[in-house]
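# Notes for the structure review
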Amino acid sequence: MKLTSSLISLSDGTLPASFKGLKSLVAVEWVREALRRGGTAKVRTRKMTVEDVVWLLIGMSLYRNRPMVDVAHHLDLVMPDKKGRPGTLSKGAIPQSRESLGVDPVRALFMITAKHWAQESGERYRWRGLMVLGADGSTLRIPDSVENRSKFGLPPGSRSTAGYPQVRVAVLMVLRSHQWLAFDFADFGTGEGTVVWPLIQRVPERSLTVMDRYSIEHAQLWGLTQRGEDRHWLLRARKNLRRTVVKRLGKGDDLVEMPIDRSRRRKDPSLPESFLARAVRYERKGYRPQTLLTSLLDNKAYPAQEIVKLYHERWELELGYDELKTDVLEREEAIRSQTPDGVRQELWGMAIAYNLVRREMDMAERELGLPPRRISFVFCLRLIRDFFYWSAITQTPGALPKRLEQMRVDLRRLVLPPRRGDRHSPRHVKIKMSGYSRNQGHPR
């Protein structure tokens, strides 16, 4: 049952019997399949089923401003007592339930949902027959506990070390729907390319992946095109990039030969000395000239001007990270979990929660007849939070009409005006917010 269908199509103010709050957005067989893959399908906890612990991990990302005990109760995730009365849950029961669940089932559920949701949206928003993807990395803060420091590490800074441990995260995103097709993370000491590249290797056939120029090398680019049909890439060239023009395809459009480093060829004799790529030069008013490199060699099938425009969709990834950090995590210093396994659980649950909101936005755009990216993420997130929190505590269908009427009004407010195509703003690095010296008593 889709949330948008409930809000748009119901005229009598009642929800169908199949609607069960937050749990209605993910097929129950997906959750059970994830539990089987993780080996915890038969595990029981005292106060919550293992399925409900999965939902708690998703809910704790959607409801950042509420304690986990409140989230469990208000989403109706606590089993009743032996007499059938509403059960109670203590704060100490949640860590035990999470430990019984483990990390693998939550990771498996993300992969199952991403395969259905993100893959479907990628198929719908193709460009010239290719699924448009973006890959990039970022960092997230985690709680400053001894275990987290030891496992994930503190990034270095101008004042010795940072105040919080951090994890290195990487996302493979369907750029036109913002849904995550793949996600992974590692300790901060792991390089960004080491986390991003395995995700790129899993891209489907007939796809184009827009990526960062610093995290990929030539041998990897060549290998990506060799494994599967029409697996293409697009990135901005580095200033010192070596290449030889082989053929002029048009103004600012060349077929070039790119060498593969000799040391890489010694390690892997199957690599060629060089391979062909396409270099597209362009300049925007007020900016320096730039060169794009791509495996799209056919200039007639893939016009240069469209490639330039398509490359700038890469910044949808930055918007996605901003939605996660600013709206889902509410600009808080760190996520909640104090242990490494808890961090892993929460990150996979957060990824499912983000995709869940984006899935509802995608469905709303389709039902309202809107093009992609015309629904406000923050308003949709608030609507989902309000709706499921309220529906969980409202037991009688007769109490729904007034609230549903307001929800339908709110849904229309989610629509954003068309984006302005003439806005071009250079990137700047912000100054540090504090000039105070580091507290000498802070543990290092």
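Rules used in this analysis
Residues numbered from 1 in each chain as written. Predicted model: local features only at pLDDT ≥ 70, side-chain atom pairs only at ≥ 80, totals over all residues. Heavy atoms only, no water. Buried < 20%, exposed > 50% of the residue type's maximum accessible area, 1.4 Å probe, protein only. Helix = DSSP H or I, 4+ residues; strand = E, 2+ residues; numbered from the N terminus. Arc of directions from axis to C-beta. Contact = heavy atoms within 4.5 Å. Pairing = 2+ DSSP bridges. Axes fitted to C-alpha atoms, helices over the stretch in contact; angles between N-to-C directions.

### Some thoughts on helix H11 (residues 304–311)
Within H11, burial applies to Ala304, Ile307, Val308, Leu310 and Tyr311. Across the axial projection of H11, the buried residues extend over an arc of 165°, all falling on one side. When the buried face of H11 is taken as reference, the exposed residues oriented beyond 90 degrees from it are Gln305 and Lys309. The secondary structure elements touched by the buried residues of H11 are strand S1 (131–141), strand S6 (207–211), strand S7 (231–236), strand S9 (253–259), strand S10 (274–282) and strand S11 (290–294).

### Focus: the sheet that holds strand S5 (residues 179–187)
Here 9 strands make up an open sheet; going across it, the order is S5-S4-S1-S6-S7-S11-S10-S9-S8 and the pairing mixed. Unpaired on one side and paired on the other, S5 and strand S8 (244–250) mark the two borders of the sheet. Shown here is a sheet whose adjacent strand axes are inclined to one another by a mean of 25°, direction ignored. Lying over the sheet, H11 contacts S1, S6, S7, S9, S10 and S11, oriented at roughly 85° with respect to S10.

### Notes on the environment of Ala279
With respect to the helices and strands, the residue Ala279 is situated in strand S10. The spacing of Ala279 and Asp253 is 26 residues in sequence and 5.9 Å in space, taken between C-alpha atoms. The residues touching Ala279, leaving out its near neighbours within four places in the chain, are Arg243, Gly252, Asp253, Asp254, Val256, Thr291, Leu292 and Leu293.

### Observations regarding the environment of Met68
With respect to the helices, strands and loops of the structure, Met68 is situated in helix H4 (residues 68–74). What makes Met68 partly exposed here is its relative accessible area of 22%. C-alpha of Met68 to C-alpha of Ile94: the two residues are 26 residues apart in sequence and 7.8 Å apart in space. What Met68 contacts, discounting residues up to four positions off in sequence, is Leu56, Met60, Ile94, Arg98 and Arg336.

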